[in-house]
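Structure assessment
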Amino acid sequence: NGVIIEDLSVAASKYEDVLRPLMTSSDFRHKLDALHSAFWNSGIFVYAPKRKSEETATHVTLQLQQNQTEIVAIVVVAEENTNIVVTESLTETAATDCKAYRLEGVGIKAAPNSTVKFATLQKLGSNVNSTIVRKALAETDSTVDWADISIGGASTRQETVTVLNGEGASSTITGAFFGDGSQQLDIMAKEVHNARNTKSSIRIKGALQGKAKAIVQSFTKIMKTAANSEGHQKANVLLLSDTARASPIPKLEIDNYDVKASHEAAVGQLDSEKLFYLMSRGLSSREAVTLVVEGF
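Residues numbered from 1 in each chain as written. Predicted model: local features only at pLDDT ≥ 70, side-chain atom pairs only at ≥ 80, totals over all residues. Heavy atoms only, no water.

Below, the discussion takes up the overall build of the protein chain. When helices and strands are counted, the protein chain shows five helices and 18 strands. Over its C-alpha trace the protein chain gives a radius of gyration of 20 Å, about what one expects of a compact globule, namely 19 Å for 296 residues. A principal-axis box enclosing the C-alpha atoms of the protein chain has dimensions of 65 × 50 × 35 Å. Taken over 296 residues, the protein chain has a buried fraction of 44%. Relative to all contacts within the protein chain whose residues are 6 or more apart in sequence, the contacts with residues 24 or more apart total 85%. Seen as two clouds, the 31 positive and the 34 negative side-chain charges of the protein chain have centres 3 Å apart. (Helix = DSSP H or I, 4+ residues; strand = E, 2+ residues; numbered from the N terminus. Rg over C-alpha atoms; globule rule 2.2 N^0.38 Å. Buried < 20%, exposed > 50% of the residue type's maximum accessible area, 1.4 Å probe, protein only. Contact = heavy atoms within 4.5 Å. Lys, Arg positive; Asp, Glu negative; His and termini not counted. Charge placed at Lys NZ, Arg CZ, Asp CG, Glu CD.)

Taken as a whole, this structure holds eight salt bridges when the rule is applied. The closest approach of N and O atoms between Asp148 and Arg134, which form a salt bridge, is 2.9 Å. You can see Asp148 sitting in strand β9 (residues 143–150) and its partner Arg134 sitting in strand β8 (residues 128–138), a full 14 residues away along the chain. Residue Asp148 is classed as buried on the basis of its relative accessible area, which comes to 11%. Of the charged contacts, one joins Glu253 and Lys221 as a salt bridge, the two residues approaching to 2.6 Å between their closest N and O atoms. On the criterion of sequence distance, the pair formed by Glu253 in strand β16 (residues 245–254) and Lys221 in strand β14 (residues 213–222) is long-range, its members being 32 residues apart. Counted as one network, the salt bridges with shared partners bring together Lys221, Glu253 and Asp255. (Salt bridge = Lys/Arg side-chain N within 4 Å of Asp/Glu carboxyl O.)

Summed over the entire model, instances satisfying the criterion amount to four aromatic pairs. Centre to centre, the rings of Tyr15 and Tyr47 are 5.8 Å apart; their planes meet at 55 degrees, and the pair counts as tilted. Of the two residues, Tyr15 sits in the loop between α1 (8–14) and α2 (16–23) while Tyr47 sits in strand β2 (residues 42–48), which places them 32 residues apart along the sequence. Accessibility expressed as a relative area gives 11% for Tyr47, which makes it buried. Relative to Tyr47, the ring of Phe45 lies with its centre 5.7 Å away and its plane at 15 degrees, an arrangement referred to as stacked. We note that Phe45, like Tyr47, is buried. (Phe/Tyr/Trp six-rings, centres within 6.5 Å; stacked < 30°, edge-to-face > 60°.)

Glancing now at the environment of Thr131. Topologically, Thr131 is positioned in strand β8. Sequence separation between Thr131 and Thr156 is 25 residues, and the spatial gap between their C-alpha atoms is 6.0 Å. With near-sequence residues (within four places) excluded, Thr131 lies in contact with Leu32, Arg102, Leu103, Glu104 and Arg157.

Next up on the list: unusual backbone geometry. Even without glycine at this site, Asn81 takes up a positive phi of about 65 degrees. Mapped onto the secondary structure, Asn81 falls in the loop between β4 (69–78) and β5 (83–92). Residues other than glycine seldom take positive phi values, yet Asn228 does so here, at roughly 60 degrees. The residue Asn228 is located in the loop between β14 and β15 (229–239) in this model.

This part covers the pairing of strand β3 (residues 58–66). Only one face of β3 is buried: it carries Thr58, Val60, Leu62, Leu64 and Gln66, and the other face, with His59, Thr61, Gln63 and Gln65, is open. In terms of strand pairing, β3 meets β5 through nine bridges, oriented parallel. Each bridged residue has a counterpart across the sheet, and for Gln63 the counterpart in β5 is Ser89. (Pairing = 2+ DSSP bridges.)

It is worth spelling out the nonpolar core at this point. Of all hydrophobic cores here, the largest spans 45 residues; its most connected members are Phe177 and Leu208. Ignoring sequence-local partners within four residues, the contact set of Phe177 consists of Ser150, Leu185, Ile187, Ile204, Lys205, Gly206, Ala207, Leu208, Ala214, Val216 and Val237. Within the second largest apolar cluster, ten residues are counted, among which are Leu8, Phe45, Tyr47 and Val75. (Core = buried A, V, L, I, M, F, W, Y, C linked by side-chain atoms within 4.5 Å.)

This part covers the sheet that holds strand β10 (residues 155–164). Taken in spatial order, the nine strands line up as β1-β2-β4-β6-β8-β10-β12-β14-β16 in an open sheet, and their pairing is mixed. Of all strands in the sheet, those bounded by a partner on one side alone are β1 (4–7) and β16. The sheet shows a mean angle of 10 degrees between the axes of neighbouring strands, taken without regard to direction. Pairing of β1 with β2, which is carried by four bridges, proceeds in the antiparallel orientation. Counterpart to Glu6 in the pairing with β2 is Phe45. (Axes fitted to C-alpha atoms, helices over the stretch in contact; angles between N-to-C directions.)

We now examine helix α4 (residues 272–280). Put simply, Asp271 is the residue that caps the front of α4, since its side-chain oxygen is 2.9 Å from the backbone nitrogen of Glu273. Downstream of α4 by a residue or two, Gly282 has a phi angle that is positive, lying close to 105 degrees. (Polar contact = N/O pair within 3.5 Å; in protein donor to acceptor, adjacent residues only side chain to side chain.)

When two helices pack together, their arrangement is captured by the angle between the axes and the distance separating the axes. Where α4 meets helix α5 (residues 285–295), the axes come as close as 9 Å, and the angle between the chain directions of the two elements is 125 degrees. Between α4 and α5, the angle is such that the two are oblique. As for how α4 packs across α5, the hand of that crossing is right-handed. In this structure, α4 uses Leu275, Leu278 and Met279 to contact α5, whose residues at the interface are Ser285, Ala288, Val289, Leu291 and Val292. (Parallel < 35°, antiparallel > 145°, perpendicular 65-115°, else oblique. Left-handed = near helix turned anticlockwise from the far one by under 90°.)

Laid out in structure tokens, this is it:
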């Protein structure tokens, strides 16, 4: 449907006018931003050129395999009136005892009246330590939706940020995770409202067992210039063992009175009454736990 997919190194020369404004920023939030910008060794460019009117969504699937060390850059540009869905699958090349590291940066630019959906399924090996930073800029009447499922890796640090720069822009961040053994997860979801009539939603759910640990941070920032905006958060974590730990940290920072905002966070263990009810109907203890977790 006219969508262009290129190796980022090749696209840097072929589409310099599109990429240069996105790749030359020195607004680094931390040292890992600077490291990634300087040393990325593989990259993908997904580009949807401008259209006269919005059409049906174009689906792009990225299957990325993890070698011992990867520093990856993914750039998605959706011009006016485009609609694109990108699904990313992260898997380990082969099982190994050697430690591996992944540093990935995803950048999205959503032009006026465009729609971008970016989904990630992370199934990295138990020896992989990953840091994945995603950021989107949403212009007037555009939509950016993130979806993320994390079920692998040794330690995983994820940061997903959408900046709503145009009036009428909207964004959702949806996440699900499952931690086992000694896995550690550090998840940050952030929505920044810079313009009027913008909407955002953050919803994260997860379950932990063994000695797994998770920190789940959700942050909604509504600026003075963002009157009549809405921002909502919800985070729920289910603990399946006495040694699993979770810390949901919701945060609202609001500089305008004419807004709607809310946050909700909860951590709990399995409901013993639900388990008893299911087991009284003939399910084993394991089957009952599985059913409750899947329902959650």
